Amino acid sequence: MKVCGFTFIRNAVKFDFPIVEAITSVLPLCDRFVVAVGRSEDETRDLIENIDPVKITIVDTVWDENLNEGGRVYADETNKALDAIPNEYNWCFYIQGDEVLHEKYLPAVRCAMEENLDRSEVDGLLFDYRHFYGSYDYVGDCRHWYRKEIRVIRNDKSIRSYKDAQGFRKAGEKLKVVQVAAEIFHYGWVRHPRYMQQKVEAVKAFYDGISDEAAKQKAVEREFNYSAEYDALAKFTGSHPKTMEERIKRLNWDFQPDLNKVNMKLKYRLLYWIEKRTGVRLFEYRNYELMD
């Protein structure tokens, strides 16, 4: 069994992405790792190159400014990395620049890949998610945050990144996947408020169709207000991946949310209440077909 990791990134230093931690967290499972590095305004390429020059292959890309609605450019960049993976690899492990796999899950993921290697009907592996918000001590606690997503797929080029690169489709159809006893830690909403605001505005440029220059102008001298933006949060009591230890030590802002706050419309409050009491998330969107 051979495994190749893949991801895409641009302006990782400027927007303070934990891309080194992301790649490092899954590298023990990978024989090779392909990174589509978009033309950046900082030292992103050098950063990636120095992680592991033996395993990592860089594909230099230029983001298509015409794909500036609905996040389509992220899927396009994901596919560039995927297409650069040689055919000799069986599985492809996708990790985004703000996601980290806890080291305690490495054996379970490897086992799942081995067990399903010869099950041709299995297109990929499904992971649970934990979304951190504001700081490393709090996680999103409502249906606003997706609970599961595909992060390991077969090396089948008919599989394409879907919409804004949240998941995958095969010939337009949902992938058939097996659940893995593993969890991805998503840190996309944890960074200094200044960097967070810059990142939010940059993302909007590729969702709302505004120009990159307009996005930069909006981010000038502003800081993201974490306290005003969340629906519901919960205290995190577990451990973080070891690859995140140094970054967590550098935390230099304070965030103390009101855990009693539930900022939702009535219908979402009702669904939230049901989920908390039954564990069932009604009407949940699933971009996959779950197999036994």
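This structure is a prediction, so every number in the text was calculated from the model and none was measured.

Draft legend 1. The overall build of the protein, seen in detail. A count of helical and extended segments in the protein gives 9 helices and 14 strands. What you see for the protein is a C-alpha radius of gyration of 19 Å, in line with the 19 Å of a compact globule of 292 residues. Principal-axis analysis of the C-alpha atoms gives the protein an extent of 50 × 45 × 35 Å. Looking at the protein as a whole, 50% of its 292 residues qualify as buried. A separation threshold of at least 6 residues defines the contact pool for the protein, and within that pool the share at least 24 residues apart is 79%. By element, 48% of the accessible surface of the protein is carried by carbon and sulfur atoms, the whole surface being about 14100 Å². Each charge class in the protein can be summarised by its mean position, and for the 45 positive and 49 negative side chains these summaries are 4 Å apart.

Draft legend 2. Broad picture of a nonpolar patch on the surface. There is a patch of nonpolar side chains on the surface, built from Val280, Leu282 and Phe283 and spanning about 310 Å² of accessible area. Its location among the elements puts Val280 in the loop between α9 (266–278) and β14 (289–291).

Draft legend 3. Region of the structure containing the pattern of salt bridges. The full count for this structure, using the stated rule, is 20 salt bridges. We note a salt bridge from Glu49 to Arg45, for which the minimum N-O separation is 3.3 Å. Of this pair, Glu49 and Arg45 both sit in helix α2 (residues 44–49), separated by 4 residues, roughly a single helical turn. Looking at Glu49, the relative accessible area reads 38%, which means it is partly exposed. Asp156 serves as the salt-bridge partner of Lys170, at 3.3 Å between the closest nitrogen and oxygen. Residue Lys170 is found in strand β10 (residues 167–170), and its partner Asp156 is found in the loop between β8 (148–154) and β9 (159–162); the two are separated by 14 residues along the sequence. Judged by relative accessible area, Asp156 falls into the partly exposed class, the value being 25%. Through salt bridges with shared partners, a single network forms among Asp16, Glu21 and Arg247.

Draft legend 4. Just the packing of aromatic side chains, in detail. Counted under the stated rule, the structure contains 24 aromatic pairs. By way of ring pairs, the aromatic residues Tyr133, Tyr138, Trp145, Trp189, Phe224, Tyr226, Tyr230 and Phe255 are connected into one cluster. Positioned above the aromatic ring of Tyr89 is the side chain of Lys2, whose terminal nitrogen or guanidinium carbon lies 4.8 Å from the ring centre.

Draft legend 5. The arrangement of the sheet that holds β10 in detail. Ordered in space as β9-β10-β11, the 3 strands form an open sheet in which the pairing is antiparallel. Edge positions in the sheet fall to β9 and β11 (173–174), since each of these pairs with one other strand and no more. Packing against the sheet, helix α3 (residues 72–83) makes contact with β9 and β10, and its axis sits at approximately 155° to β9.

Draft legend 6. Structural context of the environment of Leu29. In this structure, Leu29 sits in the loop between α1 (19–26) and β2 (32–38). For Leu29, a relative accessible area of 4% gives the class buried. Distance from Leu29 to Ile9, taken between C-alpha atoms, is 20 Å for residues 20 residues apart in sequence. Not counting chain neighbours up to four residues away, the residues in contact with Leu29 comprise Val3, Phe93, Leu101, Leu106, Val109, Arg110 and Met113.

Draft legend 7. The arrangement of the environment of Ala84 in detail. Mapped onto the fold, Ala84 is located in the loop between α3 and β4 (91–94). Assessed through its relative accessible area of 31%, Ala84 is described here as partly exposed. Separated by 50 residues in the primary sequence, Ala84 and Val34 have C-alpha atoms spaced 7.2 Å apart. Look past the residues within four positions of Ala84 in its chain and what remains in contact with it is Val34 and Val59.

Draft legend 8. Geometry of the pairing of strand β6 (residues 124–133). Where burial is concerned, most of β6 is hidden: 8 out of the 10 residues are buried. One ladder, built from 8 bridges, connects β6 with strand β12 (residues 176–189); its direction is parallel. Each bridged residue has a counterpart across the sheet, and for Tyr129 the counterpart in β12 is Ile184.

Criteria and cut-off values
- Residues numbered from 1 in each chain as written.
- Predicted model: local features only at pLDDT ≥ 70, side-chain atom pairs only at ≥ 80, totals over all residues.
- Heavy atoms only, no water.
- Helix = DSSP H or I, 4+ residues; strand = E, 2+ residues; numbered from the N terminus.
- Rg over C-alpha atoms; globule rule 2.2 N^0.38 Å.
- Buried < 20%, exposed > 50% of the residue type's maximum accessible area, 1.4 Å probe, protein only.
- Contact = heavy atoms within 4.5 Å.
- Areas by Shrake-Rupley, 256 points an atom, 1.4 Å probe, with all protein chains shown as cover.
- Lys, Arg positive; Asp, Glu negative; His and termini not counted.
- Charge placed at Lys NZ, Arg CZ, Asp CG, Glu CD.
- Patch = residues over 30% accessible without salt bridge, like charges linked within 9 Å, V, L, I, M, F, W, Y side chains within 5 Å.
- Salt bridge = Lys/Arg side-chain N within 4 Å of Asp/Glu carboxyl O.
- Phe/Tyr/Trp six-rings, centres within 6.5 Å; stacked < 30°, edge-to-face > 60°.
- Lys NZ or Arg CZ within 6 Å of the ring centre and 35° of its normal.
- Pairing = 2+ DSSP bridges.
- Axes fitted to C-alpha atoms, helices over the stretch in contact; angles between N-to-C directions.

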